Amino acid sequence: MTTNAHHCVLTNVPKLSFGPQSDTFCAALQITLQYMGEPESTYDRLIGWSGRGFRICWSDRLFFWDQHLGKADADPEHYLRTDCDTAAAAVGAAGYEARLLTATDEQPDVAALRALVRDSIYAGRPVLAALSLSRQHWAPEWSLITGYDADGATVTGWSCFQDEEPWKEEVDLEPDGTFRLSDWETRTVTAVRLCGVHRAQDEDALGKQALELGVSYARGRQDGLDAWGVTSYAAWAQAVEAADLTDLDAHLLKGRMQYHIRYIGHLAAQRWFTSAFLKQLHAPVFCVSDVLHAAGWYARIHELMWDCWQVAGGYWRDEDGELPKFRDPATRSQIAAIIREAGELDARALQHLEAALSAWDKNHGDYMAS
């Protein structure tokens, strides 16, 4: 740490970047906790404890963007980025209190934001902030604030966008590679500070809470143009098989395909890391089989998502070259069949989670009393 009366910077905070860990809040929280000397709070445990890994949401508004939005918005993590309840739950499961400041339609509380950052950084704890590096290219994403200057009027830190076009053109960098941003308060949607001393957590209670959240989030529901949990697969498959895709203008079709491609990647990551969480869960003896079955089905869904990419629209492939494949109705029917298969497996996983929960408090005494 380097500090003086108006300036404080935490040194050697690991860089935050996009990757397989698609929930940037939990990725940033993991970095923060590891920097604080707590490596046991891994990414998969954070998304499991908080329930964030169980949450999936398909949005027809984002897929049929040309009918609802001014421009394409291939952002499958949009619903997680604004979910403050599970963000606070992740911090709480890691043993801390979360202090959240969320922007309103009015002017931001500049003094409160600066005070939150100053207090946290001076205490040796990075701040998690959903902020946009740019005004022109508005894209709030969870970032890490690792320092401040001029009493908090300027902040430094890591953003997943700082090395990407078009955002990097507007970013000033510090010698260590962190961004430097003034007027940051008006670009901040939410700021989260970890408060208090670490509290040891009850692994059994955390595990049961995780399954309760998982069951709650995995059960399907339709909310306008958004389909959640097990319901999302049918909505997704139906969207992919929409008849208008065959003759749609290439620009419009590409925007739809991009959301579909990125949603595959997001779902694959959600299911993979949730599977990893369940495999290491300290489940009571009569729950282990069901927990591992759910983990296995989630791992299989991860594999099926790679099969979806392989049929058409594969990640890391030339999107213009993949577009004719995605336009073909027979190809999209093949993709939809894989999506529906994944949905059936997700429903089976939910059944196992429900069974595990019902047996969580069962013990050998139940057998003896029967």
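Predicted, not measured: the structure shown is a model, and the values here were computed from it.

**Notes on the overall build of the protein chain**
Inference 1: Regarding its fold elements, the protein chain presents 14 helices and 12 strands.
Inference 2: Since a compact globule built from 370 residues should have a radius of gyration of about 21 Å, the 22 Å found for the protein chain is in line with a globular shape.
Inference 3: With the C-alpha coordinates aligned to their principal axes, the bounding extent of the protein chain is approximately 70 × 65 × 35 Å.
Inference 4: Here the protein chain, with 370 residues, has 52% of them falling under the buried criterion.
Inference 5: Of the contacts formed within the protein chain by residues at least 6 apart in sequence, a portion of 73% connects residues at least 24 apart.
Inference 6: With the model as given, the accessible surface of the protein chain reaches about 16,000 Å², and the carbon-plus-sulfur share is 50%.
Inference 7: For the protein chain, the centre of its 33 positive side-chain charges and the centre of its 53 negative side-chain charges are spaced 1 Å apart.

**Focus: a nonpolar patch on the surface**
Inference 1: A surface patch of nonpolar side chains, about 410 Å² in accessible area, is lined by Trp306, Tyr315 and Trp316.
Inference 2: Position of Trp316 among the secondary structure elements: in the loop between helix H11 (288–311) and helix H12 (319–327).
Inference 3: Given a relative accessible area of 69%, Trp316 falls into the exposed group.

**As for the sheet that holds strand S12 (residues 226–228)**
Inference 1: Pairing is antiparallel across the open sheet formed by 3 strands, whose spatial order is S3-S12-S11. Lying at the two open borders of the sheet, with one neighbouring strand each, are strand S3 (57–59) and strand S11 (221–223). Within the sheet, the average angular offset between the axes of one strand and its neighbour, ignoring direction, is 20 degrees.
Inference 2: For S11 and S12, the ladder comprises 3 bridges, and the chain directions are antiparallel. Bridge pairing links Gln222 to Ala227 in S12.
Inference 3: Lying on the sheet, helix H9 (residues 232–240) is in contact with S3 and S12; it crosses S3 at an angle near 30 degrees.

**Some words on H9**
Inference 1: With 7 of its 9 residues buried, H9 lies for the most part within the structure.
Inference 2: When H9 is considered as a whole, its buried residues turn out to be Ser232, Tyr233, Ala235, Trp236, Ala237, Ala239 and Val240.
Inference 3: Looking at the buried side of H9, the elements it contacts are S3, helix H3 (60–63), S12, helix H10 (250–279), H11 and helix H13 (329–358).

**Some words on the pairing of strand S9 (residues 179–182)**
Inference 1: Burial along S9 is one-sided: the face carrying Phe179 and Leu181 is buried and the face carrying Arg180 and Ser182 is not.
Inference 2: In this sheet, S9 lies alongside strand S7 (residues 154–158) in antiparallel orientation, the contact comprising 4 bridges. Bridging from a neighbouring strand, Thr154 pairs with Ser182 of S9.
Inference 3: Across 2 bridges, strand S8 (residues 172–173) lies against S9 in antiparallel orientation. When the bridges of S9 are listed, Asp172 appears paired with Arg180.
Inference 4: Joining the antiparallel neighbours S8 and S9 is a turn of 5 residues, in which Gly177 adopts a positive phi near 100 degrees.

**Details of helix H8 (residues 203–218)**
Inference 1: Its 16 residues give H8 an end-to-end C-alpha distance of 22 Å, which sits within 8% of 22 Å, the value for a rise of 1.5 Å per residue.
Inference 2: Of the residues making up H8, those classed as buried are Leu206, Gly207, Ala210, Leu211, Gly214, Val215, Tyr217 and Ala218.
Inference 3: Where the residues of H8 are buried, they touch helix H2 (43–50), helix H6 (84–93), H10, H11 and H13.
Inference 4: Measuring from the side-chain oxygen of the N-cap residue of H8 to the backbone nitrogen of Asp204 gives 2.9 Å; that N-cap residue is Asp202.

What counts and what doesn't
- Residues numbered from 1 in each chain as written.
- Predicted model: local features only at pLDDT ≥ 70, side-chain atom pairs only at ≥ 80, totals over all residues.
- Heavy atoms only, no water.
- Helix = DSSP H or I, 4+ residues; strand = E, 2+ residues; numbered from the N terminus.
- Rg over C-alpha atoms; globule rule 2.2 N^0.38 Å.
- Buried < 20%, exposed > 50% of the residue type's maximum accessible area, 1.4 Å probe, protein only.
- Contact = heavy atoms within 4.5 Å.
- Areas by Shrake-Rupley, 256 points an atom, 1.4 Å probe, with all protein chains shown as cover.
- Lys, Arg positive; Asp, Glu negative; His and termini not counted.
- Charge placed at Lys NZ, Arg CZ, Asp CG, Glu CD.
- Patch = residues over 30% accessible without salt bridge, like charges linked within 9 Å, V, L, I, M, F, W, Y side chains within 5 Å.
- Salt bridge = Lys/Arg side-chain N within 4 Å of Asp/Glu carboxyl O.
- Pairing = 2+ DSSP bridges.
- Axes fitted to C-alpha atoms, helices over the stretch in contact; angles between N-to-C directions.
- Expected span 1.5 Å × (residues − 1).
- Polar contact = N/O pair within 3.5 Å; in protein donor to acceptor, adjacent residues only side chain to side chain.

Interpretation in functional terms is not warranted from these geometric data alone.
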